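In case you want the letters, here they are:
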Amino acid sequence: MKISKILLTIGTLMVLMSANLPSKEQRTNQAIKDVMTEFQAVGISAAVVKDGKIVYNESFGYKDLDTKAPLTNSDVMRIASISKSFTATSLLQLVDKGIISLDDDVSDLIGFKIRNPHHPDVPITLKMILSHTSSIRDKEDYFTLDHLNPAVYGDCIESYFKYKPGEGYCYSNMGLNLAGSILEKVSGVRFDDYVRTNVIHKLGLYGGHNVDSLDNSKIARIYTRRNGEYVESKGAYRSRANDMHEYIFGYSTPWFSPTGGVKISAHDLAIYMMMHMNYGEYNGVRLITKESAKAMQTPIWTGAGGNEDRYGLCLNEFVDYINDEKYNTPGSYPIGHTGGAYGLNSIMIWSPADGWGIVAMTNGYTSVKGKSFLKTLANAIYNAYIKE
């Protein structure tokens, strides 16, 4: 009898102790708040996916420092280079339909000769520009195709590295703006309209490249730190409405930034991520074939170095990123992409093996010496919500 009472007492104490322990949601909220404090972030929006569902979605801080309006889960934010995967997904829809091929010469697709003058006989393919192995390098202004157009700059030698196309890697925003121009040229639909209709809206999401197509009240302002104060980066949401009379179809496409122009919420980006986690399909809607989805996630360039050196088609493997040994060996690396511009930072990262994913974004933060904001934030969320 005494033993039964002791066991009952122990059981009761364990129940009471567990009831007082913080939940995963509470732990994650606190972890994100701690990162916000350390990096003096303006706002952070985050979502966690597990086994095909969004299991966590919260926002903290401000979407507008002037009005002190709080950042909410439905607010959209520019996500910078994660946008590249939207461009690749769109192009692979055309590949799946047999309209184009990843091995097509981009010269044939865009309508003028694109050749590295150091290797004039080597075609630059669509696969190369989507994997950053084309040898095209960024000029100071990569929002015009003029730097690749022989009719404007002759051999365009300053727009290329000396290595042979396909035999080296360098991250190229110019290459992805070219890719978006090809999407527009080949599809016959203006770039921003194509991606919004065939990717974003097809998944039932809200967002897009063109700021004029979005509700201004939903847009989180973006800030950079200058002289100890936050200043709004108004260029992050530049309207092109007054310039469209000068728009050249299939050439002015970089105005919409195929390389970094998507505006979307963390919640909806998490749904987009789940489509890729499920190899091209979400909730009965298939955007690309399983083969194309796997091609995006399979590294084409696997040179030594940082995580971007294991790059597929606008998605990369994250090497030594999550502070857990199980995700830091070949075959177990998480997949996704990061983004950074105008003061914002964003990340989309998931584990193919274990079915979890994290999306997070900030509209302004202060650098901390020796630390990566995104890596710190992603690991804080992973440790609080996902790690067992």
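Since this is a predicted model, take the numbers as computed values, not measurements.

Colleague: I would appreciate a short explanation of the pattern of salt bridges in the present structure.
Modeller: Where charged atoms from two side chains of opposite charge approach closely, those side chains can pair. Throughout the structure, instances matching the rule amount to 13 salt bridges. With a closest N to O distance of 2.7 Å, Glu 38 and Lys 371 form a salt bridge. On the criterion of sequence distance, the pair formed by Glu 38 in helix H2 (residues 24-39) and Lys 371 in the loop between strand E16 (356-362) and helix H11 (373-386) is long-range, its members being 333 residues apart. Taking the relative accessible area as the measure of exposure, Glu 38 reaches 33% and is therefore partly exposed. For Lys 139, the salt bridge identified is with Glu 158, shortest N-O distance 2.7 Å. With Lys 139 in the loop between helix H5 (126-130) and helix H6 (150-153) and Glu 158 in the loop between H6 and helix H7 (173-187), this pair connects stretches of sequence that are 19 residues apart. Judged by relative accessible area, Lys 139 falls into the partly exposed class, the value being 21%. Note on Glu 158: relative accessible area 52%, which makes it exposed. It is possible to trace a salt-bridge network through shared partners that takes in Arg 190, Asp 192, Asp 193 and Arg 196.

Colleague: So what exactly am I meant to see when it comes to the packing of aromatic side chains here?
Modeller: The geometry of an aromatic ring pair comes down to the distance between the two centres and the angle between the two planes. The final tally for this structure, using the stated rule, is 17 aromatic pairs. Plain terms: the ring middles of Phe 39 and Phe 373 are 5.2 Å apart, the flat faces sit at 85 degrees to each other, and that makes the pair edge-to-face. Of this pair, Phe 39 sits in helix H2 while Phe 373 sits in helix H11, placing them 334 residues apart in sequence. There is no split in this pair, since Phe 39 and Phe 373 are both buried. Measuring from ring centre to ring centre gives 6.5 Å for Tyr 169 and Trp 301, while their planes differ by 10 degrees; the resulting arrangement is stacked. Of the two residues, Tyr 169 is situated in the loop between H6 and H7 and Trp 301 in strand E11 (residues 301-302); the sequence distance between them amounts to 132 residues. When the ring centre of Tyr 279 is taken as reference, the NZ or CZ atom of Lys 294 above it lies at 5.5 Å.

Colleague: Can you walk me through the side chain of Thr 224 in this structure?
Modeller: With respect to the helices and strands, Thr 224 occurs in strand E6 (residues 223-226). Given a relative accessible area of 18%, Thr 224 falls into the buried group. Those residues in contact with Thr 224 that sit more than four places away from it in its chain are Glu 229, Tyr 230, Val 231, Ser 233, Tyr 342 and Gly 343.

Colleague: Would you mind going over helix H8 (residues 191-200) with me for this structure?
Modeller: For an α-helix the count is 3.6 residues per turn, leaving residues at separations of three or four pointing the same way. Counting buried residues in H8 gives seven out of ten residues, a clear majority hidden from the surface. Turning to H8, its buried residues number three or more, namely Phe 191, Asp 192, Tyr 194, Val 195, Arg 196, Val 199 and Ile 200. The inward-facing, buried residues of H8 contact helix H3 (83-96), H7, strand E5 (207-208) and helix H9 (266-277).

Colleague: So what exactly am I meant to see when it comes to the layout of surface pockets here?
Modeller: Each pocket or cavity is described by its volume, and for the largest pocket that value is around 230 Å³. Around the largest pocket, the lining is made up of 18 residues, and of these Arg 78, Gly 235, Arg 238, Arg 240 and Trp 255 lie nearest the centre. Residue composition of the lining of the largest pocket, grouped by class: eight nonpolar, five polar and five charged.

Colleague: I would appreciate a short explanation of unusual backbone geometry in the present structure.
Modeller: Generally, phi is negative for residues other than glycine and the peptide bonds are trans, each holding for most cases. One non-glycine residue with positive phi stands out, namely His 132, at about 60 degrees. Residue placement: His 132 occurs in the loop between H5 and H6. Using a relative accessible area of 1% as the deciding quantity, one classes His 132 as buried. Despite not being glycine, Asp 320 has its phi angle at roughly 55 degrees, a positive value. Mapped onto the secondary structure, Asp 320 falls in the loop between strand E13 (316-317) and strand E14 (335-341).

What counts as what
- Residues numbered from 1 in each chain as written.
- Predicted model: local features only at pLDDT ≥ 70, side-chain atom pairs only at ≥ 80, totals over all residues.
- Heavy atoms only, no water.
- Salt bridge = Lys/Arg side-chain N within 4 Å of Asp/Glu carboxyl O.
- Helix = DSSP H or I, 4+ residues; strand = E, 2+ residues; numbered from the N terminus.
- Buried < 20%, exposed > 50% of the residue type's maximum accessible area, 1.4 Å probe, protein only.
- Phe/Tyr/Trp six-rings, centres within 6.5 Å; stacked < 30°, edge-to-face > 60°.
- Lys NZ or Arg CZ within 6 Å of the ring centre and 35° of its normal.
- Contact = heavy atoms within 4.5 Å.
- 1 Å grid on protein atoms, 1.4 Å probe; cavity = no way out; pocket = protein on both sides within 12 Å on 5 of 7 lines; lining within 4 Å.
- Points joined across faces, edges and corners; volume = space filled by probe spheres on them.
- Nonpolar A, V, L, I, M, F, W, Y, C, P; charged D, E, K, R; others polar.

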